[in-house]
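The primary structure of each chain is shown beneath.
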Amino acid sequence: YYRLTNDSSRHIAWQFVSKDKSQALAVLVQKTTRVNYKPIIQKFRGLDSNAKYCVTIDGEKCEQLYSGTALMEVGLGIRTIKYESESTRIEFQKV
């Protein structure tokens, strides 16, 4: 289990990673409504830096692979949450 945000963030995020790092699940929840909406850039933790991951957001079809290094060091732009208490689910599957 990883907490991905601090208390001052406008959203909260946490992540669970399997022991073999082949699967992970992250959940982001918007704490307050966002004015002048911009995507959230979220970095993740605990992934295999040498692996590629298929990333699925809210059950959408996986269309792009990301390296574990990119997901942990650069992050992923999340456009799906804008309003208070809105959430999104991000699934990672090692390929």
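The rules behind each value
- Residues numbered from 1 in each chain as written.
- Predicted model: local features only at pLDDT ≥ 70, side-chain atom pairs only at ≥ 80, totals over all residues.
- Heavy atoms only, no water.
- Core = buried A, V, L, I, M, F, W, Y, C linked by side-chain atoms within 4.5 Å.
- Buried < 20%, exposed > 50% of the residue type's maximum accessible area, 1.4 Å probe, protein only.
- Helix = DSSP H or I, 4+ residues; strand = E, 2+ residues; numbered from the N terminus.
- Contact = heavy atoms within 4.5 Å.
- Pairing = 2+ DSSP bridges.
- Phe/Tyr/Trp six-rings, centres within 6.5 Å; stacked < 30°, edge-to-face > 60°.

Draft legend 1. Fine view of the nonpolar core. Among the nonpolar cores identified, the biggest contains 17 residues, and Phe44, Leu71, Ile90 and Phe92 are the most heavily contacted of them. At the level of elements, strand S3 (23-30), strand S5 (52-57), strand S7 (76-78) and strand S8 (87-94) are the ones that each hand at least two residues to this core. Element by element, the count of residues in this core is highest for S3, at three residues. When near neighbours in sequence (up to four residues on either side) are disregarded, Leu71 contacts Gln42, Lys43, Phe44, Leu47, Tyr53, Val55, Tyr66, Leu76 and Phe92.

Draft legend 2. How the structure looks around the pairing of S8. Two elements, S3 and S8, share seven bridges in a ladder whose sense is antiparallel. Among the inter-strand pairings, Val29 is bridged to a residue of S8, identified as Ser87. Where S5 meets S8, five bridges bridge the pair, whose relative direction is antiparallel. Across the sheet, the residue bridging to Tyr53 is Lys94, located in S8.

Draft legend 3. Structural view of the sheet that holds S3. What the six strands build is an open sheet, ordered S1-S2-S3-S8-S5-S6; its pairing is antiparallel. At either margin of the open sheet sits one strand with a lone partner, and together these are strand S1 (2-3) and strand S6 (65-67).

Draft legend 4. Broad picture of the packing of aromatic side chains. Under the definition given, this model contains two aromatic pairs. Residues Tyr1 and Phe16 carry aromatic rings whose centres are separated by 5.5 Å and whose planes lie at 45 degrees to one another, so their mutual orientation is tilted. One end of the pair, Tyr1, is in the segment before S1; the other, Phe16, is in strand S2 (residues 11-17), with 15 residues separating them in the sequence. When its relative accessible area of 41% is taken as the criterion, Phe16 is described as partly exposed. With 4.9 Å between their ring centres and 65 degrees between their planes, Phe44 and Phe92 make a pair best called edge-to-face. With Phe44 in the loop between strand S4 (40-42) and S5 and Phe92 in strand S8, the pair connects residues that are 48 residues apart, well separated along the chain. With relative accessibility at 3%, the residue Phe92 sits in the buried group.

Don't take any of this as a statement about function, it's just geometry.
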